[in-house]
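A look at the structure
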Amino acid sequence: MTRLSQLWQQILHYVWRAHFDREMEEEMRFHLEMKAEENVASGMTPEEARRVARRQFGNETRLREASREMWGFASMETILRDVRFGARMLAKHKVFTLIAVLTLALGIGANTAIFSVVNAVLLRPLPFPDSERLVYFEGINPSKGITDSHLSVPDFAEWREQVQEFEQMAGFATGGALLVADEQAERVRGTSVSADFFPLFRTGALHGRALQPGDEKPDAPLVAVLSHALWRRRYASDPRVVGTQIRVGQVSTTVVGVMPPQFTYPGQTEIWFPRAFNPSAERRDNRYLEVVARLKPDATLAQAQARMDAINARLAQTYVETNSGWGVKAMNLRERLVGDMQTPLLVILGAVALVLLIACGNVANLLLARAAARSKEFALRGALGASRMRIVRQLLTESFLLSLTGGAAGLLISLWLTKLLVGMLPAGTPRSDEIGLDARVFVFAFAVSLLTGILFGLAPALQTLRFDLNQTLKGGGRTGSEGSRHNRATSLLMVSEIALSFMLLAGAGLLARSFMRLSDVNYGFNPTGVLAMRLTASGSKYTAGSARAELSRQTLERVESLPGVEAAGAVLSLPLDGDNYSVGRSFIREGRPATPEESASAAYLVATPGYFRALQVPLVAGRDFTKQDTEKSPMVVVINETMAKRFWPGESPVGKRIIIWRDEKFPREIVGVVGDTREEPWQPAGAQMYVPYAQDANWGSLSLVVRSSADPAALTAAVRKEVHALDKTIPVYNARPLSDVVAVALAERRASTLLVGAFAILALLLALVGIYGVTAYHVTMRTHEIGLRMALGAQAHHVLRHVVGQSLRLTLVGLALGLCGALALTRVLESLLYDVRPTDPVTFAASAALLGAAALIACLLPARRATKVDPLIALRAG
C-alpha cells in the first residue's frame, strides 16, 4: 500500500507539474512578446528587440523555476524538506504541540466515533444482496389515525397476484416458540414465514439449507432453521445439529439449517418456521401479517405504490366493512429498520461537528499567536530570498502535520468512545451489532483530519501574507497595522467559538428540559416496587381457554401468598410497550348501526383481578374485576378515562354496553373506568378497554406483575419456583423490575440528551480556553500600551474594565450570532422535544447567562494580570 501510495503521489505531482509548466510557458511567452514590442517601438529591429527581451528576462529555465518558487510550487524533495522542518519545529515546542494535538484528537475522535454509529445504522447497506430494492409495507388508515398497522393475509394475496413491480413478495408473523429440552422450556423469538421469504433475501444458510418452497405444505415434515446466535448458545456451535430433531412446544421438528451471523431478520429472530398463509381461511380485518417484497430492477417504489393504491381502492369498494379507509405505505426496508433513530443520530453528529469547529478555532488561535511570535523568523527568511508563498506553504505543512497527528490520536480515542456509545444506545437499537471501524470510517477520519488542517491552518497562513517583513526586521516587532489585523483575526475566531458554543448549549438545554418534563410525566401507574415477568402456557394441556384461566388463577393465588407481596395480577401487554406487543380492536356502542363509520378503535387488553391494584392504576368510577367475572358470568369490560370522555362526554359510561365488533357477537357491559396508562411516554394515552382474562383466555402469554414491600428483584426466584410448582414446562422469562420498563422506554431520549449535553460541556470548556487564550494574548501584545496608560495616570480598575469590556463585547457579538443560528437549527430538534418549544426563551436565556458568566471568568484572569503591569518595565520593553 505504501509503494502504491507513493506512485500515486508521483503521478499526481508530474501531471500537475506538466500543467503548471504549460501555464508558465504561455505566461512567459506573452511577457516576452510584450517586451519585444516595446523594444521595437523604441526603434530596435524585431530580431534585436527579441534578443534584448530574452536577456532582460533570462533564459526560459530560470524563468520557470522563479515562477514556481513565486507561486510556492514545490518538488517532492522540497515537500519532504518542509515536512522534516515542520516536524522539528513541532518537536521543539512540545507544550504547544501537545495542547494542539489533544484538542484536535478530542474533536476528531468524537466525530469518528459518532460517524461509526451513523455509518452502521444509517449509511451501510443491509447485509443482503441488492438490499436497496427490498421494500416493507405498513398498513395505514388515516381516518382512524392509524399509521403503522400490520396487514391481513387476504390483502397480501391480492397484492402478490396483481402488483407487477415486484419480483417476489413474502409474508411473516413474529411471535415466540417454546424450545423444550429435558422437560425444561425456554422461550425463544420465532417467526413463521411464507415460501418466498428466504429466496427474497437471497441469503443462504451457513450450515444445511434455508427454508424453501414446499416446506410449508400440509403434508411436508415439520422443519425449522436456527439463527447463528441460538445455534452457538444452545447447541455449542455443533454443525451436527442439522438433521436432528428438536422439540418445539409439544412437537418434534427437524433442524434443516443454521443461518449466518448477520441474518436475524426480523427483529433478532432465533428460529424460523415455514407457514402456508391461507387467504380463504383468514378474515380481512385480522391484521397480524408483516410483508416484505423485492422490486424488479426496472421498477420504482413510486410505481409500486401507485399500483397498490389502485388495488386498495378497489378492495375498499368491494369489502366495505373490512377495507374501508385502509391503505398501505411502501418504504425501503432500511428506512423501516432505522425507525426513529435517524433524527437523534443526525442531531448528535451535528453537535459533535460543532465541537470540532470550536476545536479548530482554538488551534487556529494558537497558531496565530505562534505565527506572531515567529514574525522575525519569517522576515529573516524573506530577506534571504524566500517568497511569501514559500512561508505559507511551510505553515500549511506544519498544520497538516498537526492535523494528521491529531487524527491518528483521535482514531485511537474513537475506539474507546465507540464502545462507550454502543453501551449507551437503547436496547434494540437497529444494527447496533454492526457498529465498528471499517474502511469508510477510516476514510472519514482521514478526510476530517485533512479538512481540519485546512480549517485551522488557513488563518495563520493568510495572516502571514500580510506581514510587513521589512518593518518587522527594522523595528524588531510588529507594526500597529499588523497587530490590528492579527487582533481582528483572533477576535473573529473568538466570536465564532462563542456563537457555536451557544448553539450547542441551547440545543442541549432544550433536550435536557424536555427529558425532565418527560421524566415527570404521570404514566398512569406506579412502577416502584413492582416485579414484571412473562409467562407462556402452551401445549396439549392448555388448548382450552378454561385450562389457561385456571392456571392463571392458581398462579396468582400462590404468588399472592408469598411474604412481602402486596398485590399480583396479569395483563396481555405491559404499559409503555413493555412487551413490544399490542392488540387493537374495533368496538361499536350498543344501539348504533354496525357499520365502519360507527366503529372506533381502542387498545385491547385482557387482565386478571388484582392487576390494577398491583400497578396502582386508579379506579375512577364503577368497580374492578373480581373472581366472579368468569366465562359463565355476564360479559363485562373496563375502559380508561380517555375512552370514557371521548365517547360518553359529560355522562358516566358505567352501565353502558359496547360490542367488540367482528371479534365478538355479544355486548359487554362497562362496569368500571380506570385511569389512562401510556403506551409511549411522549404520547397521550389513547382509548383502552380491558376484558377479564377468564372471559377471553385465548391468549397463551401474559405478563405477571407483583407489587412487593421489599426489593422486587429479590422475588424473582420465589415467583419462578411457585410457577414451576404448578408446571415446570412453563417458561418464566423477561423478569425485571417494572422501573426498568420505564427506563427502556426513555432510553433513546436519555441517550440523546446525555450525548448532546456532554458535547455541549466539552464545547463550553473549549470556548473558555479560547476566550482565555485570546484575552491573554491581547494583554501580552498590548503590554506597552497598558504601561503607557498607567504611566499617564490610569488606575488598575480602569485597565481591568477596559480589558474585560473588550472581551465581553466580543462575547455579546458571539451570543447574538449564536442566537440567530440557534433559532434556525433548534427547529431540527422539534421531533425530539416533549412539552418544550424549540425557541424556548427560558432555555435560551439560561444558555446565554451560563456562557456569558463563563466568558467573564475566563477573561478576568488575564485582565487582572494586566492591572499588575509595572509601567516602567513595560515602557522600557516597548
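Residues numbered from 1 in each chain as written. Predicted model: local features only at pLDDT ≥ 70, side-chain atom pairs only at ≥ 80, totals over all residues. Heavy atoms only, no water.

Looking now at the overall build of the chain. When its secondary structure is counted, the chain shows 26 helices and 22 strands. Relative to its 878 residues, the chain shows a buried fraction of 51%. Of all intrachain contacts in the chain linking residues separated by at least 6 positions in sequence, the fraction that spans at least 24 positions is 81%. As displayed, the chain offers around 41,100 Å² of accessible surface, 58% of which is attributable to carbon and sulfur atoms. (Helix = DSSP H or I, 4+ residues; strand = E, 2+ residues; numbered from the N terminus. Buried < 20%, exposed > 50% of the residue type's maximum accessible area, 1.4 Å probe, protein only. Contact = heavy atoms within 4.5 Å. Areas by Shrake-Rupley, 256 points an atom, 1.4 Å probe, with all protein chains shown as cover.)

Attention now goes to unusual backbone geometry. Cis geometry is adopted by the peptide bond preceding P266, which originates at Y265 and carries an omega value of -5 degrees. Note that P266 resides in the loop between β8 (251–258) and β9 (271–274). You will see that R662, though not glycine, has its phi angle at about 65 degrees, which is positive. Position of R662 relative to the elements: it lies in the loop between β18 (657–660) and β19 (667–674). A relative accessible area of 17% means that R662 is categorised as buried. Phi is positive for D835, close to 60 degrees, though the residue is something other than glycine. In this fold, D835 is placed in the loop between α24 (796–825) and α25 (841–867).

Looking now at the side chain of N141. Residue position: N141 is located in strand β1 (residues 134–141). Among the polar contacts listed, one links the side chain of N141 to the side chain of S143, at a separation of 2.6 Å. (Polar contact = N/O pair within 3.5 Å; in protein donor to acceptor, adjacent residues only side chain to side chain.)

Here we take up the nonpolar core. Within the largest apolar cluster, 61 residues are counted, with the highest numbers of intra-cluster contacts made by L504, V756 and F759. Where this core is concerned, the elements lending two or more residues are α5 (94–123), α12 (342–373), α14 (388–424), α17 (480–519), α22 (738–781), α24 and α25. With twelve residues, α17 is the single largest residue contributor to this core. Sequence-distant contacts of F759, that is, excluding residues within four places in its chain, are made with A110, I114, I348, A351, V352, V355 and L504. Judged by nonpolar contacts, the second largest core, of 32 residues, contains F515, F525, A607 and L738. (Core = buried A, V, L, I, M, F, W, Y, C linked by side-chain atoms within 4.5 Å.)

A few words on the pairing of strand β17 (residues 636–640). For a regular strand, side-chain orientation follows a simple rule: the groups alternate between the two sheet faces. Of all five residues in β17, five are buried, a share of seventy percent or more. The two faces of β17 match: V636, V638 and N640 on one face and V637 and I639 on the other face are all buried. Where β17 meets β19, five bridges bridge the pair, whose relative direction is parallel. In the strand pairing of β19, V636 is matched with E669. In the sheet, β17 pairs with strand β20 (residues 688–692) via two bridges, with the strands oriented antiparallel. (Pairing = 2+ DSSP bridges.)

There is a patch of nonpolar side chains on the surface, built from V95, I99 and L366 and spanning about 250 Å² of accessible area. Position of V95 relative to the elements: it lies in helix α5. On the accessibility criterion, V95 (62% relative accessible area) is exposed. (Patch = residues over 30% accessible without salt bridge, like charges linked within 9 Å, V, L, I, M, F, W, Y side chains within 5 Å. Salt bridge = Lys/Arg side-chain N within 4 Å of Asp/Glu carboxyl O.)

For the chain, the mean per-residue pLDDT works out to 82, and 82% of the residues sit at or above 70. For the chain, helix α3 (residues 60–71) is the element with the lowest average pLDDT, namely 46, and β20 is the one with the highest, namely 97. In the model, residues 11–21 has pLDDT below 50 throughout and makes 15 contacts with residues more than four positions away in sequence or in other chains. Predicted confidence for residues 475–483 stays below pLDDT 50, and this span has 17 contacts to residues more than four positions away or in other chains. (pLDDT = per-residue confidence, 0-100.)

Our next topic: the pattern of salt bridges. Taken as a whole, this structure holds 29 salt bridges when the rule is applied. Put simply, E722 and R558 hold a salt bridge, and the shortest N to O gap is 2.9 Å. With E722 in helix α21 (residues 716–726) and R558 in helix α18 (residues 545–560), this pair connects stretches of sequence that are 164 residues apart. Judged by its relative accessible area of 18%, E722 is buried. Linked through salt bridges whose partners overlap, the residues forming this network are R283, D285, R585, R662, D663 and D696.

Turning to the environment of G267, a few remarks are in order. Structurally, the position occupied by G267 is in the loop between β8 and β9. The exposure class of G267 is partly exposed, given its relative accessible area of 43%. For G267 and T191, which are 76 residues apart along the polypeptide, the C-alpha to C-alpha distance reads 9.5 Å.

Where helix α6 (residues 153–162) meets helix α9 (residues 301–318), the closest approach of the two axes is 11 Å, and the angle between their N-to-C directions is 135 degrees. The angle between α6 and α9 places the two elements in the oblique class. In terms of crossing hand, the pair formed by α6 and α9 is right-handed. Here D155, E158, W159 and Q162 of α6 lie close against α9, whose contacting residues are R307, M308, I311, N312, R314 and L315. A class-by-class count of the residues in the contact of α6 with α9 yields four nonpolar, two polar and four charged. (Axes fitted to C-alpha atoms, helices over the stretch in contact; angles between N-to-C directions. Parallel < 35°, antiparallel > 145°, perpendicular 65-115°, else oblique. Left-handed = near helix turned anticlockwise from the far one by under 90°. Nonpolar A, V, L, I, M, F, W, Y, C, P; charged D, E, K, R; others polar.)

This part is about the packing of aromatic side chains. According to the stated counting rule, one finds 24 aromatic pairs in the structure shown. With a centroid separation of 5.7 Å and 70 degrees between ring planes, the pair formed by F172 and F197 is classed as edge-to-face. Of the two residues, F172 is situated in strand β3 (residues 166–181) and F197 in helix α7 (residues 197–201); the sequence distance between them amounts to 25 residues. F197 carries the same exposure label as F172, and that label is buried. One aromatic cluster in this structure is built from F128, F172, F197, F198, F201, F263, Y265 and W272. (Phe/Tyr/Trp six-rings, centres within 6.5 Å; stacked < 30°, edge-to-face > 60°.)

Bringing the side chain of E722 into the picture now. At a separation of 2.9 Å, a polar atom in the side chain of E722 contacts the side chain of R558. In this view, E722 contacts R558 and L562; residues no more than four positions away in its chain are not counted.

The grouping of D148, D340, D577, E679 and E680 at the surface amounts to a negative patch. If you trace the backbone, D577 turns up in the loop between β13 (565–571) and β14 (584–589). For D577, a relative accessible area of 39% translates into the label partly exposed. (Lys, Arg positive; Asp, Glu negative; His and termini not counted. Charge placed at Lys NZ, Arg CZ, Asp CG, Glu CD.)

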